[in-house]
Amino acid sequence: MWSFIKNRQPNIHMKRLFEPFLSYRHFRTRAVDRQNTSSTGLYGFDHLKSPKGFQRFVDEAIERSSELIDYISGMPSSVEIIRAMDEISDTVCSVVDSAELCRQTHPARGFVEEANKASMKINVYLHFLNTNHTLYNAVKKAEQDGHLLTEEARRAALHLRIDFEKGGIHLPSGKLDRVNQLNMDAHKLCREYGENIINDPGYVDIFPASRIPRQIQHLLKPIYRLTSGVSKESLGSYEDEQEEGFRIMTEPRTLFSVLQLTPDEQVRKMAYLKGNSVPHANHEVLDKLINSRHELAQIMGCKSYAEFVMQLNMASSPEVVVSFLLEMSNMVKEKADEEFNTIRNLKRDVCGQRCVDLEPWDEAYYTTMMKSSAYSLDSAVVASYFSLPQCIEGLKLLVKSLFGARFDSVPMAPGESWHPDVLKMCIHHPEEGDLGFLYLDLFSRKGKYPGCATFAIKGGRKISETEYQLPVMALVFNFSRSHDSSIVRLNHGELETLFHEFGHALHALLSRTDYQHFAGTRVALDFAETPSNLFEYYARDYRFLKKFARHYSTGEVIPEKLVKSLNGARDMFAATELQRQIFYSLVDQTLFGEQLSVPRDTNSIVAHLKRQHSNEKHVEGTHMHIRFSHFLTYGAGYYSYLYAKCFAATIWKKLCQEDPLSPTTGTLLRTKLLQYGGAKEPADLLTDLVGDGIVRYHNGGIVPDVTSCLEEMKLLDDKNRHIGK
């Protein structure tokens, strides 16, 4: 699976297609070294000094893996079998993860093309690994003989065996061949879906330029058209004149800014309709993906793809997930209805009798208006306290306060970086030494991955009793450089996103697992977003913000009143946002749930669920599901964001809220949660961290206790209180 973790919007946790052998890894190359000044290659890999180096990178990974397979075939001790299996994963994934990061971020076409070739070649080899009965039999022996002495080793054997079987290795050859083909098809379809989104973002041209608010003009492309005008020299003759306008590329980030801030309803409508109807090619791609995943699940003896992917998740079954989502939908409906009526009434007050109803392209605009009015918020004023350098200082302060470590910039060796803007950071503990490395690729540029994501480069693992392979990660963002300022300033939502992704990175950098198979975010899918959601709270807590958020020109500390206003505005339409996330999750469960004998129309499914679980109108001709990449990367797992929201709310309330920067709090977070990665059951980690009252056992699965989340959002009344328990 392509395992980089994305933010909430159309961004994701990418789910592995070839489970046993893809993780956050690296292998026998020079480790990233803060002291190294000699020439190296991308990310510290010596092979990647040039694009062609990817060829040798793949070849050596295959050579080393073949050596390890030969070793395992001799059936050494169970401990050595699991160690060797983990090194195979580490070796192969060094290629997979590096190629993926290169494909998504490198500005040089040559590197991107060679990374693509490397990705395709290593995936052919992955097919061989996933169907290798020697490895499968060795893992079964290790699991069964009772000689694995640690809980993590026993868990690794169990997970490896299940991962093999999810690949169909235990099936007759004909069925196994079909499973392999379906997995390859799904991989290609996922890539095609993503490429279509990038290549066909949609656009609308707006004239004149005055229809676009000045504060978002830097996000758009100026365009010109010829108009005929009367010549000043000779009445009656005409000359061509240029009229300025803007082209709105309707990719999600720009589209949201347009919908939020543009007073002209027709501009909003045109942008919404275009942005929610492209790329057309993904209708067919998504249908094929649904069919491929369903056939795969049936071959594996499951009723649906949703059932297939739940095997190692906390929820354990689609029935548990859907029951949880329907409960939440019922709890939130009354409050969401009230919020919808409030927004609609404002539109009617502003527009008068000519306003008929609230349209989908209206919500963001009028909610922004209400928030700004109620809390006297000015986006430019807010951003003035969140200059990007100061926000990075906030990350450093967080690491120091909680974990007693430094988060410092370190120099890169020649050839290590892929762009001049990239920064390299190191987390260093005064007693433990370096804990891990993190690259920051912060700014938008042409051809770069368009969202915000955490990419793995190398996962942590125990190499010997005295040596630990340090994790290496990359955070990728697309912050905009304003034309009229040399200082990049973030809005509050972007600050939250920064801390969200940093939470993923910390999960990886601070984990200390024996096996990279469990390093960092290699956890149950419905637990993976918990640390990232937890660290978002720090972007909202005044006690923390006042320590680094200062006005970019005056140095004034951010006023407490402003932070209260930001949080108040954020919570104004909490029920509406929660309802939207429930709707997305139900669409995801339905698309990949049990299939009817007659093929279903995805457009009808989305429209039906929107009418049932959302106040937003469905507009004919719009198709949000053809650009919602979570349906690919999470595939029946989007509910994980709601799980994480609930878990994080409980952890914050019970552990962090009283003193969020306490070293004691940080020690508990690190030693009871982050350091274990996926080496322990997530429900056990959560309960050990905060005690009872964070999970509920329901119909054979686990769901979050929703009490803290609903209390925080002021949605818990007497009618709903019993449901959260």
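Here the structure is a predicted model, which is why all the values come from computation and not from measurement. (Residues numbered from 1 in each chain as written. Predicted model: local features only at pLDDT ≥ 70, side-chain atom pairs only at ≥ 80, totals over all residues. Heavy atoms only, no water.)

S.K.: Sorry, what's going on with the overall build of the protein chain here?
M.R.: When helices and strands are tallied, the protein chain shows 26 helices and 13 strands. Relative to its length of 725 residues, the protein chain is compact, with a C-alpha radius of gyration of 26 Å against a globular reference of 27 Å. Here the C-alpha coordinates of the protein chain stretch approximately 95 × 60 × 55 Å along the principal axes. Of the contacts formed within the protein chain by residues at least 6 apart in sequence, a portion of 73% connects residues at least 24 apart. Total accessible area on the protein chain is roughly 28900 Å²; 50% of this is exposed by carbon and sulfur atoms. Within the protein chain, one finds 86 positive and 92 negative side-chain charges whose respective centroids are separated by 1 Å. (Helix = DSSP H or I, 4+ residues; strand = E, 2+ residues; numbered from the N terminus. Rg over C-alpha atoms; globule rule 2.2 N^0.38 Å. Contact = heavy atoms within 4.5 Å. Areas by Shrake-Rupley, 256 points an atom, 1.4 Å probe, with all protein chains shown as cover. Lys, Arg positive; Asp, Glu negative; His and termini not counted. Charge placed at Lys NZ, Arg CZ, Asp CG, Glu CD.)

S.K.: In this structure, what is going on with the packing of aromatic side chains? I would like to understand it.
M.R.: Any aromatic ring pair is given by two values, namely how distant the centres are and how the planes are angled relative to each other. Evaluated as defined, the whole model comprises 30 aromatic pairs. For the ring pair Trp418 and Tyr439, a centre distance of 5.4 Å and an interplane angle of 70 degrees mean the geometry is edge-to-face. Here Trp418 is found in the loop between β5 (406-409) and β6 (423-429), whereas its partner Tyr439 is found in strand β7 (residues 433-443), with 21 residues between them in sequence. Using a relative accessible area of 1% as the deciding quantity, one classes Tyr439 as buried. Aromatic side chains Phe544 and Phe548 sit 5.1 Å apart centroid to centroid with 55 degrees between the ring planes, which places their arrangement in the tilted category. Assessed through its relative accessible area of 0%, Phe544 is described here as buried. (Phe/Tyr/Trp six-rings, centres within 6.5 Å; stacked < 30°, edge-to-face > 60°. Buried < 20%, exposed > 50% of the residue type's maximum accessible area, 1.4 Å probe, protein only.)

S.K.: Looking at this model, I keep getting lost on the domain arrangement of the protein chain. Mind explaining?
M.R.: Often the size quoted for an interface is simply the accessible area lost on bringing the parts together. By the assigned domains, the protein chain splits into domain 1 (42-169), domain 2 (201-226 + 241-277) and domain 3 (382-554). Listed as interface residues are 25 residues of domain 1 and, on the opposing side, 26 residues of domain 3. Taken together, the two surfaces of domain 1 and domain 3 that pack against each other cover about 2300 Å², and 55% of this comes from carbon and sulfur. Counting the contacts that link domain 1 with domain 3 gives 1 salt bridge. Of all the secondary-structure elements, those providing two or more residues to the side of domain 1 that touches domain 3 are α2 (78-105) and α5 (151-166). With 12 residues, α2 is the single largest residue contributor to the side of domain 1 that touches domain 3. Residues that form the side of domain 1 that touches domain 3 fall into these classes: 9 nonpolar, 7 polar and 9 charged. (Domains from an automatic or database assignment. Buried area = accessible area lost by both parts, 1.4 Å probe. Salt bridge = Lys/Arg side-chain N within 4 Å of Asp/Glu carboxyl O. Nonpolar A, V, L, I, M, F, W, Y, C, P; charged D, E, K, R; others polar.)

S.K.: For this particular structure, what's the right way to read unusual backbone geometry?
M.R.: In terms of backbone geometry, most residues other than glycine have negative phi values and most peptide bonds are trans. In this structure, Pro208 follows Phe207 across a cis peptide bond, with omega equal to -10 degrees. A positive phi is found at Ser376, a non-glycine position, where the angle reads about 50 degrees. Although it is not a glycine, Ala636 sits at a positive phi angle of roughly 70 degrees. Of note, Ala636 is situated in the loop between α21 (630-633) and α22 (640-656). Look at Ala636 and you get buried, because its relative accessible area is 0%.

S.K.: Would you explain helix α23 (residues 663-672) in this entry?
M.R.: Residues that lie three or four places apart on an α-helix share one face, since the helix turns once every 3.6 residues. When we look at burial in α23, the residues that qualify are Thr665, Gly666, Leu669 and Arg670. Take α23 and look down its axis: the buried residues cluster within an arc of 125 degrees, on one side only. Every exposed residue of α23 that faces more than 90 degrees away from the buried side is listed here: Pro663 and Thr664. A side-chain oxygen of the first residue of α23 lies 3.0 Å from the backbone nitrogen of Thr664; this N-cap is Ser662. (Arc of directions from axis to C-beta. Polar contact = N/O pair within 3.5 Å; in protein donor to acceptor, adjacent residues only side chain to side chain.)

S.K.: Even after reading the chapter, I still don't get the confidence of the model for the protein chain, so can you show me in this structure?
M.R.: Should pLDDT be low for a region, the predicted coordinates there are not to be read in detail. On average, the protein chain scores 91 in pLDDT, and the residues at 70 or more come to 91%. Considering only residues more than four positions removed or in separate chains, one finds that residues 1-29, a stretch of pLDDT under 50, has 173 contacts. (pLDDT = per-residue confidence, 0-100.)

S.K.: Just to check I follow, could you spell out the pairing of strand β12 (residues 695-698) for this structure?
M.R.: The side chains of a regular strand alternate between both faces of the sheet. The pairing of β12 with strand β13 (residues 701-704) spans 4 bridges and is classified as antiparallel. Residue Arg696 lies in a different strand from β13, and its bridge partner there is Val703. Where β12 hands over to β13, the hairpin turn is made up of 2 residues, of which Asn699 adopts a positive phi near 50 degrees. (Pairing = 2+ DSSP bridges.)

S.K.: Any chance you could explain the pattern of salt bridges here in plain terms?
M.R.: In a structure, side chains of opposite charge can pair up when their charged atoms sit close to one another. Summed over all chains, the structure comprises 48 salt bridges. The partner of Arg56 in a salt bridge is Glu60, with the nearest N and O atoms 3.3 Å apart. Of this pair, Arg56 and Glu60 both sit in helix α1 (residues 53-73), 4 residues apart, which is roughly one turn of that helix. Overall, the relative accessible area of 36% leaves Arg56 in the partly exposed class. Since its relative accessible area comes to 26%, Glu60 is described here as partly exposed. The structure contains a network of salt bridges with shared partners spanning Glu496, Glu536, Arg540, Arg570 and Asp571.

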